Number of protein chains: 2
Amino acid sequence: MAARVGLTVERLVRAGADLADEVGFDRVTVALLARHFGVRSASLYAHVKGSDDLRTRIALLSLEEMADLGAAALAGRAGKDALAAFAEVYRGYAERHPGRYAAAQLPLSPEDAAASAGPRHAAMTRAILRGYDLPEPDRTHAVRLLGSVFHGYADLELKGAFRHSAPDSRESWARIVDALDVLLRAWPASPAPTPAPITREPS
Amino acid sequence: MAARVGLTVERLVRAGADLADEVGFDRVTVALLARHFGVRSASLYAHVKGSDDLRTRIALLSLEEMADLGAAALAGRAGKDALAAFAEVYRGYAERHPGRYAAAQLPLSPEDAAASAGPRHAAMTRAILRGYDLPEPDRTHAVRLLGSVFHGYADLELKGAFRHSAPDSRESWARIVDALDVLLRAWPASPAPTPAPITREPS
DNA sequence: ACTTTTGCCTACACCTATTAGGCGCAGAAG
DNA sequence: CTTCTGCGCCTAATAGGTGTAGGCAAAAGT
């Protein structure tokens, strides 16, 4: 029939990412993607090693896209402005591309992780903190906090955690960014003088 | 052969949760669970509606367990003490029970969500905030922030995001809890009653 | 002891993943 | 313009997971 559809890794990964946004990342399947191209499943194995490889490539693509958006958002901004813009990239990306965002959460092998845009994300978060005045161990703690908030909020929102309760999610997000800005200015100096004994370890 | 193994929903769900902790939540399968009991897959369908039902029940169990631990941790504590204890429940649970923690992230149907321990989690987070002095819309924003940080941090740590970099994750976690305490005390007042025009809407 | 329940089994139909090997169209070589 | 060659997509086939229908025998109720 339609001989030579013209499959390439790039086309497959792109289509796979789109598919993820439509039906959910965990429902992206070699068979489904093959059907989308009007081709048999086996044909994809010439371009992609298999299901895992496909998913990994979609994850890497998503990380790159998000990093590019982040870089664009940070260009020419600093301080709270940069913080808000970067935060909006996360939220916006997760909203517009739920499947890609889910893909970006896929645990990667150390090699893939190192080759991914992950380090760029970390570097950008660090760059945002240049606008605040944090000495070194704290800067890393702050990077981790920001990463947690951005990811945690986007993830919870995606799962609908805020969908059916009172204040609109966008409003909370704006207020949270405000709060983070305040926090980064008032970041508590290194170890508090209270070495309080941790009391319990349940279960 | 071994007639009547004595399957029940509870035993299946419990074993499924343990299995999730061993092999990962997404690798929990009806077939695997059946093998674990030395039984054919079809036999499980008398107790559980299917794969989705099984997963959902594991998710609900995990949410309950976490809520119980949270309640125990909060008993008799207030303020920063309560905050730190609750935070530790999240981190500790995710660390000891990665599969269950992943299960707890499963998106639930509205009915299941309402019947789950999810609302208890929200109520406990709200209770923590009683130790701080936040007026009402802000309290909800703060609940969402805390939820995001707790979940985001646990999730990232589980995926190994902090595993191969400088300061130990536990240290960051302690410092982040400190920072959240500071933030909740210095929470920025709501924006002026003047509905300031939103400046820009990118994209 | 009998009947009823019901727990687990066999058999099947259908889906996805993945491998092995075949055939033909596209572009290069003559 | 023909012929050759390769690679791009195919068919075939295996393995494992989900889920349904119906059977048989052990447990439980009388």
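Here the structure is a predicted model, which is why all the values come from computation and not from measurement. Here, residues in each chain are numbered from 1, in the same order as that chain's written sequence. All chains are assigned letters beginning with A, and all ligands numbers beginning with 1, in the order in which they are written. Whole-chain, interface and lining totals are the exception, using all residues; otherwise, since this is a predicted model, local features are given only for residues with pLDDT of at least 70 and side-chain atom pairs are given and counted only at 80 or more. Hydrogens and water are ignored here; the side-chain numbers use all heavy atoms of the structure.

Overview of the protein's contact with DNA strand D
Working definition: residue near molecule or strand if any one of its non-hydrogen atoms lies within 4 Å of it. Neighbouring DNA strand D are 18 residues; A:V5, A:G6, A:S43, B:T29 and B:S51 lie closest to it. Sugar and phosphate atoms constitute 70% of the interface atoms of DNA strand D, taking the interface as everything within 4 Å of the protein. Two N or O atoms count as a polar contact when they lie within 3.5 Å, although within protein this holds only if one can serve as hydrogen donor and the other as acceptor, and sequence-adjacent residues are included solely when both atoms are side-chain atoms. Between a sugar or linking oxygen of DNA strand D and a side-chain N or O atom of B:T29, the distance comes to 2.6 Å. One of the side-chain nitrogen or oxygen atoms of B:R35 is found 3.2 Å away from a phosphate oxygen of DNA strand D. Looking at the surface near DNA strand D, the elements with two or more residues in it are helix 3 (41-44) of chain A together with helix 2 (30-36) of chain B. At three residues, helix 2 of chain B tops the list of elements feeding residues into the surface near DNA strand D. Any residue outside Ala, Val, Leu, Ile, Met, Phe, Trp, Tyr, Cys, Pro, Asp, Glu, Lys and Arg is labelled polar, Gly included; the first ten of those are nonpolar and the last four are charged. Each residue belonging to the surface near DNA strand D can be placed in one class, and the counts come to eight nonpolar, six polar and four charged. Numbering of helices and strands runs from the N terminus, with a helix taken as a DSSP run of H or I at least four residues long and a strand as a DSSP run of E at least two residues long.

Focus on the relation of the copies chain B and chain A
Superposing chain B onto chain A takes a rotation of 180° plus a shift of 0.0 Å along the axis, which leaves an RMSD of 0.1 Å. On the angle and the small slide along the axis, the relation comes out as a two-fold axis. Within chain B, the C-alpha atom positioned nearest to the axis of rotation is that of B:G152, 1.8 Å from it. Here, residues are in contact when the closest pair of their heavy atoms is within 4.5 Å. A symmetric contact is evident, with 90% of the interface residues of chain B recurring at the interface of chain A. A least-squares superposition brings the copies together, and it is based on the C-alpha atoms of residues with pLDDT no lower than 70 in both.

Some points on the pattern of salt bridges
A side chain of one charge can pair with a side chain of the opposite charge when the charged atoms of the two come close. Residues and elements named next belong to chain A. Here a salt bridge means any side-chain nitrogen of Lys or Arg lying within 4 Å of a carboxyl oxygen belonging to Asp or Glu. Under the criterion given, the structure shown has 32 salt bridges over all chains. For R120, the salt bridge identified is with E64, shortest N-O distance 3.1 Å. A residue pair is termed long-range when its members are at least 10 positions apart, and R120 in helix 8 (residues 118-129) and E64 in helix 4 (residues 51-74) qualify at 56 residues. Only protein chains enter the accessibility calculation, which uses a 1.4 Å probe; a residue whose area is less than 20% of its type maximum is buried, one above 50% is exposed, and one in between is partly exposed. Overall, the relative accessible area of 32% leaves E64 in the partly exposed class.

Here we look at the nonpolar core
We call a set of buried residues a nonpolar core when its members are Ala, Val, Leu, Ile, Met, Phe, Trp, Tyr or Cys and they connect through side-chain atoms within 4.5 Å of each other. Within the largest apolar cluster, 78 residues are counted, with the highest numbers of intra-cluster contacts made by A:L83, A:F150, A:L184, B:L83, B:F150 and B:L184. Setting aside residues up to four positions removed in sequence, B:F150 forms contacts with B:L83, B:F86, B:A87, B:Y90, B:Y101, B:W173 and B:L180.

A closer look at the UniProt feature "DNA-binding region" (unreviewed entry) in chain A
UniProt positions are given in the numbering used here, feature names are shortened, and annotations may be inferred rather than shown by experiment. In the UniProt entry, the feature "DNA-binding region" (unreviewed entry) is given for residues 29-48 of chain A. Along residues 29-48 of chain A, the helical share is 55% and the strand share 0%, with 12 Å between the first and last C-alpha atoms.

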